[in-house]
Amino acid sequence: MTAKLLQTLPPDLDRHRLPKHVAVIMDGNGRWAKQKGMPRIAGHRQGVDALKDLLRCCKDWGIAALTVYAFSTENWSRPAQEVDFLMVLFERMLRHELEEMCREGVRISFVGDLDSLPKSLRSEIERSQIATANNQAIHFTVAINYGSRREILKVCRQIAEAAQAGEIKPENIDENLFEQHLYTAGTDNPDLLIRTSGEMRLSNFLLWQMAYTEMYFTHTLWPDFNRSEFHLALIDYQERDRRFGKV
Ligand SMILES: CC(C)=CCC/C(C)=C/CC/C(C)=C/COP(=O)(O)OP(=O)(O)O
Ligand SMILES: C=C(C)CCOP(=O)(O)OP(=O)(O)O
Ligand SMILES: [Mg+2]
């Protein structure tokens, strides 16, 4: 009964004022593990369960898109053992969850510099993107080896090359053209960003895309983030007045 109730949108939320696209910085896995006297990687493992539950919840509650930050361009500076574990964890999650994502109508996409990821992970990424390309229930985007500055530089380089080749004129470079070159081309910008673990920064995540995103910060560590926490974030979001510079 309780499980059934949790599947439906809580009555204090207005379904017409839900964010269409939620972005999440899943932070605090290492601290969660440390608090429990476990190695950091145990926090990442537990973080997968929190993510699976949030994805299901977004789908149940009618949120069209979820984007999560799984690995930044700066995260390569962590100990090799942790980096290697994360790469294997991503690959394993994709392999294990693909069938269910297909069944649930999840379309999965990846953003980031994917070329420099391990080959076996790249092939799981490709396989899951192709297998879910026509799914409609929710668009789930995972940022791996993602850095917003790198993304913006890539756009500049591509546009400069096109200008040099005479394909576009500098005066025709506008926001629309710029967005077409981002990893996130074709996806609406996030309405709500959630960052767990008490840190209040963007850490190089979706800098262009989040110009007008509402931000919600919680001290909860990512592995402890659940539907009740998400519910609180949505209540907070629904109280915001999004003015976009107007009065
Ligand atoms: C396939 C897929 C998307 C799997 C998801 C697995 C997952 C939750 C990855 C997040 C990894 C990460 C660097 C989290 C940040 O916590 P932290 O390590 O920075 O923790 P800390 O700030 O406490 O040190
Ligand atoms: C959640 C991910 C994948 C990256 C941001 O968290 P970090 O833990 O790497 O960010 P900083 O605290 O170093 O800014
Ligand atoms: Mg962290």
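Model, not experiment: these values are computed from the prediction.

Relative orientation of the contacting elements helix α3 (residues 40–60) and helix α4 (residues 80–104) amounts to 25°, with a least axis distance of 11 Å. The orientation of α3 with respect to α4, classified from their angle, is roughly parallel. Considering how the two elements wind past one another, α3 and α4 form a crossing that is right-handed. Contacts between α3 and α4 involve Arg40, Ile41, His44, Arg45, Val48, Leu51, Lys52, Leu55, Arg56 and Lys59 from the former and Glu82, Phe85, Leu86, Leu89, Met93, Glu97, Glu100, Met101 and Glu104 from the latter. For the contact of α3 with α4, the per-class residue count stands at 9 nonpolar, 1 polar and 9 charged.

A word on the UniProt feature "active site" (unreviewed entry) in the protein chain. With numbering matched to this structure, UniProt assigns "active site" (unreviewed entry) to Asp27 and Asn75. Spanning 49 residues, the named residues form one tight spatial group whose C-alpha atoms are at most 12.2 Å apart. With respect to the helices and strands, the residue Asp27 is situated in the loop between β1 (21–25) and α2 (29–35). Other than its neighbours up to four places away in sequence, Asp27 contacts Arg195, Thr196, Ser197, Glu199, Leu221 and Trp222. Along the chain, Asn75 turns up in the loop between β2 (65–72) and α4. Polar side-chain contacts of Asn75 include one of 2.8 Å to the backbone nitrogen of Ser72.

Rules used throughout
- Residues numbered from 1 in each chain as written.
- Chains lettered and ligands numbered in written order.
- Predicted model: local features only at pLDDT ≥ 70, side-chain atom pairs only at ≥ 80, totals over all residues.
- Heavy atoms only, no water.
- Axes fitted to C-alpha atoms, helices over the stretch in contact; angles between N-to-C directions.
- Helix = DSSP H or I, 4+ residues; strand = E, 2+ residues; numbered from the N terminus.
- Parallel < 35°, antiparallel > 145°, perpendicular 65-115°, else oblique.
- Left-handed = near helix turned anticlockwise from the far one by under 90°.
- Contact = heavy atoms within 4.5 Å.
- Nonpolar A, V, L, I, M, F, W, Y, C, P; charged D, E, K, R; others polar.
- UniProt positions renumbered as here; feature names shortened; annotations may be inferred.
- Polar contact = N/O pair within 3.5 Å; in protein donor to acceptor, adjacent residues only side chain to side chain.

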